[in-house]
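Residue-level listing of the chains:
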Amino acid sequence: MEKAKKQEIIKSFGRNDKDTGSTEVQIALLTERINHLTEHLKANPQDNHSRRGLIKLVGQRKGLLTYLENEDIEKYRELKKALNIR
């Protein structure tokens, strides 16, 4: 992921410009990586090493989403809507 794209995501989902560790930012960054890997796998369907990495990222994001849902349901709903996550 490009540095500019990462900074843009941090700025839009973080609580301030330096906030890289909040749950919302982590989920947004994971979503960007997941989308990128999904596109890669469409072009390279036999790349099983990347597929395994994608599955790990999805599991990590799911854990963070579950945590956020238990902590603050409103932020959870807003984030899912903003990132277009089912």
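Residues numbered from 1 in each chain as written. Predicted model: local features only at pLDDT ≥ 70, side-chain atom pairs only at ≥ 80, totals over all residues. Heavy atoms only, no water.

## Things to note about the side chain of Asp 19
Phase 1: Among the secondary structure elements, Asp 19 is positioned in the loop between helix H1 (3-13) and helix H2 (23-43).
Phase 2: The side chain of Asp 19 sits in the buried core without any salt bridge; Arg 15 is the nearest counter-charge, 4.6 Å away.
Phase 3: At 2.9 Å, the side chain of Asp 19 forms a polar contact with the backbone nitrogen of Arg 15. (Helix = DSSP H or I, 4+ residues; strand = E, 2+ residues; numbered from the N terminus. Buried < 20%, exposed > 50% of the residue type's maximum accessible area, 1.4 Å probe, protein only. Lys, Arg positive; Asp, Glu negative; His and termini not counted. Salt bridge = Lys/Arg side-chain N within 4 Å of Asp/Glu carboxyl O. Polar contact = N/O pair within 3.5 Å; in protein donor to acceptor, adjacent residues only side chain to side chain.)

## Brief notes about the pattern of salt bridges
Opposite charge on two side chains lets them pair, provided their charged atoms get close.
Phase 1: Tallied over the full model, the rule gives 4 salt bridges.
Phase 2: Residue Arg 15 is joined to Glu 24 by a salt bridge in which the shortest nitrogen-to-oxygen separation is 3.5 Å.
Phase 3: A relative accessible area of 60% places Arg 15 in the exposed class.
Phase 4: Exposure remark for Glu 24: the relative accessible area of 8% places this residue in the buried category.

## As for the confidence of the model for the chain
Phase 1: Chain-level pLDDT for the chain is 95 on average; 100% of the residues reach the 70-or-more range.
Phase 2: The secondary structure element of the chain with the lowest average pLDDT is H1, at 92, and the one with the highest is helix H3 (residues 48-71), at 97. (pLDDT = per-residue confidence, 0-100.)

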